[in-house]
Amino acid sequence: MNLHEYQGKQILNSFGVNIQRGIVASTADEAVAAAKKLTEDTGTSWYVIKAQVHAGGRGKGGGVKVAKSIDEVREISSEIIGMNLVTPQTSVEGKKVHQVLIAEDVYYPGASEIQEFYMSVLLNRQTSKNMIMYSTEGGVDIESVAENTPDLIHTIDIDPDSGLSDKEISVIADNLGLSGNAHSEMMEFVKSLYNAYSKSDSSLFEINPVIKTSDDKILAVDAKVTIDDNSLFRHQDYLELRDIREENPIEVEAKKAGLNYVDLDGNVGCMVNGAGLAMATMDLIKQAGGDPANFLDVGGTADSERVETAFRIILKDPNVKAILVNIFGGIVRCDRVANGVIAAYKNMKDDIDIPIIVRLQGTNSEIAKEIIDSSGLNFYSATEFKEASDKVQEVLSSN
Ligand code: GDP
Ligand code: MN
């Protein structure tokens, strides 16, 4: 589950990580009230107005602006709220901004002495450990640092059982070129950041920039936080942080129906049982020269109701030109799945005008093939995996 910057910062703050303070607002009036409150709380007289959308690069797209008075807070907030923010990380249509974060300006006097660092904590699947990635080159896009000056990016793997030692934390502060007060502040920052990552069951914290202010404070200015979905059962309070306006509407609907669906760019809809088979199916479609429109694992019960729900979800994607059903019938026998597929199709035949290729393997697969072949519907049956993906291409090129 991805969070907005302001929500990520709330989580950081709850674990004692120093953050640039701010208040979220949905209207210009709320933004003005937030700015006044912020001045009471922090003494700041300049503010940063930051669009809250699930995408980075907001600064580049005009979604982060400094306001030097309450009038400017009103003006800039009304400009940003409601805009379609286009950044290097959004589609060309951009993302609609529903909220802004009014944050204290932390680049205060002595701006030349301010340093921007990059720091992320993430799961390193290769080593099965957590990892902190950090660099002196913060504030800019880290991908180009990785490409042009990879030596400036440091990493450290962390065993989740033993955590980080003070010595390791000290090396991080050393590598960031810090000394004195800033060094100990950074050690404190890293310690609390890693603790927050671990306790919140996150799979990613990306803080870009982390800054050192002119008076040697270390603060998180940005926060990209992803909570591991599989841990949400023990973080009931995080559930309300989900903003479905930011999510793909078809994926949201699929999730409600208990289907594992990920929207992709291609034109071949896939209905598969089992995540492994679903991945293999996508590979095969690619190999045959096609392009999968989605990942979809219907799970264990491929009955007609579930198949129909899955068909309806696949068909919401206007790019889909053919559907490949690839189901392994083990305990659910293939003949039952075939009947389910036919029943689902008949139930919605006015809504389907594209060919469907059905491959059922496993128990009673031959009976299933016969059922499909004699249905008289717009179905093509296949027994072998390759045969199925070739058939998809054949059908697509003849249409
Ligand atoms: P992103 O562009 O989506 O990554 O959003 P960030 O939260 O990283 O903000 C973008 C940029 O805005 C930062 O790199 C800073 O240069 C700038 N910025 C953020 N906070 C402040 C602030 O308090 N004062 C000033 N002057 N600039 C800020
Ligand atoms: Mn950033």
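Residues numbered from 1 in each chain as written. Chains lettered and ligands numbered in written order. Predicted model: local features only at pLDDT ≥ 70, side-chain atom pairs only at ≥ 80, totals over all residues. Heavy atoms only, no water.

Chemist: Requested: an account of the site of ligand 1, with residues and values cited.
Modeler: Inspection of the region around ligand 1 gives 19 residues, with K50, R58, G59, D105 and V106 positioned closest. Contact between ligand 1 and Q20: an oxygen atom at 3.1 Å from a side-chain N or O atom of the residue. One nitrogen or oxygen atom from the side chain of K50 is found 2.6 Å from an oxygen atom belonging to ligand 1. Starting from 570 Å² of accessible surface for ligand 1 in isolation, the protein chains cover 80%. (Near = heavy atom within 4 Å. Polar contact = N/O pair within 3.5 Å; in protein donor to acceptor, adjacent residues only side chain to side chain. Areas by Shrake-Rupley, 256 points an atom, 1.4 Å probe, with all protein chains shown as cover.)

Chemist: Account for the packing of helix α5 (residues 166–175) against helix α6 (residues 180–199), naming residues and giving values.
Modeler: Remark: α5 packs on α6, axes separated minimally by 9 Å, with the N-to-C direction vectors making an angle of 125°. The angle between the axes of α5 and α6 places the two elements in the oblique class. In this structure, α5 crosses over α6, and the sense of that crossing is right-handed. From α5, D166, I169, S170, I172, A173 and D174 reach across to α6, where they touch H183, M186, M187, V190 and K191. Tallied by class, residues from the contact of α5 with α6 come to six nonpolar, two polar and three charged. (Axes fitted to C-alpha atoms, helices over the stretch in contact; angles between N-to-C directions. Helix = DSSP H or I, 4+ residues; strand = E, 2+ residues; numbered from the N terminus. Parallel < 35°, antiparallel > 145°, perpendicular 65-115°, else oblique. Left-handed = near helix turned anticlockwise from the far one by under 90°. Contact = heavy atoms within 4.5 Å. Nonpolar A, V, L, I, M, F, W, Y, C, P; charged D, E, K, R; others polar.)

Chemist: With reference to specific residues and values, describe the side chain of H54.
Modeler: Tracing the backbone shows H54 in the loop between β2 (47–51) and β3 (64–67). Contact partners of H54, with chain neighbours within four places excluded, come to N2, L3, H4, K95 and E246.

Chemist: Can you break down the environment of A220 residue by residue, with the values?
Modeler: Turning to its location among the elements, A220 is positioned in strand β11 (residues 218–220). With a relative accessible area of 0%, A220 lands in the buried category. When the C-alpha atoms of A220 and L122 are compared, they prove to be 16 Å apart, with 98 residues separating the residues in sequence. Residues in contact with A220, not counting those within four places in the same chain, are K9, L12, N18, I19, Q20, F189, I207 and P209. (Buried < 20%, exposed > 50% of the residue type's maximum accessible area, 1.4 Å probe, protein only.)

Chemist: Residue-level account of the domain arrangement of the chain, with values.
Modeler: Split into domains, the chain comes out as domain 1 (1–19 + 107–247), domain 2 (21–105) and domain 3 (248–398). Each of domain 2 and domain 3 has a C-alpha centre, and the two are 44 Å apart. (Domains from an automatic or database assignment.)

Chemist: An account of the sheet that holds strand β6 (residues 100–104) is requested, with residue identities and associated values reported.
Modeler: In spatial order, the strands read β1-β6-β2-β3; together these four strands make up an open sheet with antiparallel pairing. Each having just a single partner strand, β1 (22–25) and β3 make up the two edges of the open sheet. This sheet shows a mean twist of 25° between the axes of neighbouring strands, independent of strand direction. Where β1 and β6 come together, four bridges link them in antiparallel fashion. Looking at β6, one finds that V24 is bridged to L101. Seen against the sheet, helix α2 (residues 28–42) touches β1, β2 and β6 and runs at an angle of roughly 25° to β6. (Pairing = 2+ DSSP bridges.)

Chemist: Tell me about the pairing of strand β14 (residues 268–272), residues and numbers included.
Modeler: Where burial is concerned, most of β14 is hidden: five out of the five residues are buried. Where burial is concerned, the two faces of β14 agree: the one with V268, C270 and V272 and the one with G269 and M271 are both buried. Looking at chain direction, β14 and strand β16 (residues 322–329) are connected through five bridges and run parallel. Within β16, the residue paired with M271 across the bridge is V325.

Chemist: Account for the coordination of the manganese ion (ligand 2), naming residues and giving values.
Modeler: Looking at the manganese ion (ligand 2), the protein donor atoms are N208 (O) and D222 (OD), and they sit 2.2 Å from it. Separated by 14 residues along the polypeptide, N208 in strand β10 (residues 202–212) and D222 in the loop between β11 and β12 (224–227) bring together distant segments of the chain. (Donors = N, O, S within 2.8 Å, 3.2 Å for Na, K, Ca; no water.)

Chemist: So, the packing of helix α11 (residues 334–347) against helix α12 (residues 365–373): which residues are in play, and what are the values?
Modeler: Helix-helix packing is described using two parameters, namely the angle between the two axes and the distance between the axes. Running from N to C, α11 and α12 cross one another at 20°; their axes reach a closest spacing of 7 Å. Comparing the axis directions of α11 and α12 gives the class roughly parallel. When the axes of α11 and α12 are compared, the crossing they make is right-handed. Contact with α11, carried on its side by C334, D335, A338, N339 and I342, involves S365, I367, A368, I371 and I372 of α12 and no other residues of that element.

Chemist: Before we move on, can you summarise helix α10 (residues 304–315) with the specific residues and values?
Modeler: The terminal C-alpha atoms of α10 lie 16 Å apart, and with twelve residues this matches the ideal 16 Å at 1.5 Å per residue to within 8%. Within α10, burial applies to R306, V307, E308, A310, F311, I313 and I314. (Expected span 1.5 Å × (residues − 1).)

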